[in-house]
Amino acid sequence: MWAALISALSGASGTILDKVILSRERVKLNVFLPLLFLLLFGFNLILVPFLGKIEWQIVLLPNTLFLVFLMVVIAVAHNVLFYQSIQREKVYQHELVMMMGPFITIILGAAFFPEELQGKGIILLLSLVASVALIWSKGSKEHFLKDATSYNALLGVVLMSTESIIIRDLLYSMTPVALYGIRTFVIALFFFAYYRPRYGRVSVRHWWLIAASALLGLGLMIARFYAYADLGIVFTTLVSILAPVIVFFASWEILHEKIRPRMVVASVVILACVTWATVLTFR
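This section reports on the structure supplied with the text. Values in this document were obtained by computation on a predicted structure and should not be read as measured data.

Scoring rules and cut-offs
- Residues numbered from 1 in each chain as written.
- Predicted model: local features only at pLDDT ≥ 70, side-chain atom pairs only at ≥ 80, totals over all residues.
- Heavy atoms only, no water.
- Helix = DSSP H or I, 4+ residues; strand = E, 2+ residues; numbered from the N terminus.
- Rg over C-alpha atoms; globule rule 2.2 N^0.38 Å.
- Buried < 20%, exposed > 50% of the residue type's maximum accessible area, 1.4 Å probe, protein only.
- Contact = heavy atoms within 4.5 Å.
- Areas by Shrake-Rupley, 256 points an atom, 1.4 Å probe, with all protein chains shown as cover.
- Lys, Arg positive; Asp, Glu negative; His and termini not counted.
- Charge placed at Lys NZ, Arg CZ, Asp CG, Glu CD.
- 1 Å grid on protein atoms, 1.4 Å probe; cavity = no way out; pocket = protein on both sides within 12 Å on 5 of 7 lines; lining within 4 Å.
- Points joined across faces, edges and corners; volume = space filled by probe spheres on them.
- Nonpolar A, V, L, I, M, F, W, Y, C, P; charged D, E, K, R; others polar.
- Salt bridge = Lys/Arg side-chain N within 4 Å of Asp/Glu carboxyl O.
- Patch = residues over 30% accessible without salt bridge, like charges linked within 9 Å, V, L, I, M, F, W, Y side chains within 5 Å.
- Core = buried A, V, L, I, M, F, W, Y, C linked by side-chain atoms within 4.5 Å.
- Phe/Tyr/Trp six-rings, centres within 6.5 Å; stacked < 30°, edge-to-face > 60°.

A few words now on the overall build of the chain. Secondary structure summary: the chain contains 14 helices and zero strands in total. N-terminal to C-terminal, the α/β element order of the chain is α-α-α-α-α-α-α-α-α-α-α-α-α-α. For 283 residues, the compact-globule estimate of 2.2 N^0.38 gives 19 Å, and the C-alpha radius of gyration of the chain, at 18 Å, lies within 12% of that figure. Oriented by its inertia axes, the alpha-carbon framework of the chain measures out at about 50 × 50 × 30 Å. Across the 283 residues in the chain, those meeting the buried criterion constitute 54%. By sequence separation, contacts in the chain at least 24 residues apart represent 89% of the contacts at least 6 residues apart. Accessible area for the chain stands at about 13400 Å²; split by element, carbon and sulfur atoms hold 69% of it. Separation between the mean location of the 22 positive side-chain charges and that of the 14 negative ones in the chain comes to 8 Å.

Here you go:
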């Protein structure tokens, strides 16, 4: 449970910080992405000797190697789309699109891992209610998908949800730290080869901000991976719905962006669903 909560809080905080780095600080995406994943890999590498374990006999099977390859390709694509959306959209607008993710992930999780829900059908129902409440809070269609960036962000959401299913399957053969280490290493190599960034012009302040974003990102992903392995993808996704709620209110309080009253109503529904599901899961 704590892993899922840490993931939600880290995700919300990271979105706000990334918005500051990419929009207010105007760090270019071709500098931000390679440096971010380099630092993610470096921070994760510290944990590998203690928590990084791999079942090599399973990992080296052709189907497992294919899933690893597919995970990396999807991760590269959705990270570019995700950070483009953060850079170009308001946090509020970005989260309107991103909150489609839980609904898609829950549907895919229930379809591919039905064993997680044996005797827990109410958890699936609560998860769907919470995700629909979040979607309902978005308002009218023209505020939801208003331009090409929004449509790209929605494609990124679908790719993220698909990657979650692949990650859940790969966690049977390696620990979250090992899997995330492989993921960040390959993605960092790709971004460095593709963007060929020059970091001599990056200020010390920006290095520190991106390092902070990397630490939050590490907390988000490692905690999410552990939650997937221990709690299942559906329940973890339900708890992660708290992240958009936190971002909505943070964008209103910190970035002074407007927030719709219906978000308050949706937040109450979401909190009730998460609370009920938690009681049912740990009673």
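Within the secondary structure, Asn79 is located in helix H4 (residues 62-88). The contacts of Asn79, once residues within four sequence positions are left out, are Leu33, Phe37 and Arg183.

For the rest of this paragraph, the subject is the layout of surface pockets. Counted as a void, the largest pocket has a volume near 270 Å³. Considering the residues around the largest pocket, the lining is formed by 13 residues, among which Lys28, Asn30, Val31, Arg198 and Arg201 are closest to the centre. Among the residues forming the lining of the largest pocket, the class breakdown is five nonpolar, three polar and five charged.

This paragraph deals with the pattern of salt bridges. Any two side chains of opposite charge can pair, so long as their charged atoms come close to each other. Tallied over the full model, the rule gives three salt bridges. In this structure, Glu116 and Arg168 form a salt bridge, with 3.0 Å as the shortest nitrogen-oxygen distance. In this pair, Glu116 sits in the loop between helix H6 (100-112) and helix H7 (121-136) while Arg168 sits in helix H9 (residues 148-170), placing the two residues 52 residues apart along the sequence. As far as burial versus exposure is concerned, Glu116 and Arg168 are alike and both buried.

Attention now goes to a nonpolar patch on the surface. The grouping of Ile122, Leu125, Val129, Trp136, Val265, Val269 and Trp276 at the surface amounts to a nonpolar patch, some 610 Å² of accessible area in total. Those elements giving two or more residues to the nonpolar patch turn out to be H7 and helix H14 (261-282). Among the elements that make up the nonpolar patch, the one with the highest residue count is H7 (four residues). By the secondary structure assignment, Ile122 is in helix H7.

On to empty space enclosed by the protein, then. Considering all chains together, one arrives at one cavity of 30 Å³ or more under this definition. The volume enclosed by the largest cavity comes to roughly 810 Å³. Taken together, the residues that form the lining of the largest cavity break down as 21 nonpolar, 16 polar and five charged.

Phe32, Tyr83 and Ile270 are the most contacted members of the largest nonpolar core, which totals 91 residues. Once you skip the residues sitting within four places of it in the chain, Phe32 turns out to touch Asp18, Ile21, Leu22, Val27, Tyr83, Ile210 and Ser213.

This part takes up the packing of aromatic side chains. Within the structure shown, the criterion is met by ten aromatic pairs. Between the aromatic rings of Tyr180 and Phe225, the centroid separation amounts to 5.8 Å while the plane-to-plane angle is 85°, which identifies the pairing as edge-to-face. Taken together, the positions of Tyr180 in helix H10 (residues 176-195) and Phe225 in helix H11 (residues 204-231) put the pair 45 residues apart, joining distant regions of the chain. We note that Tyr180, like Phe225, is buried.

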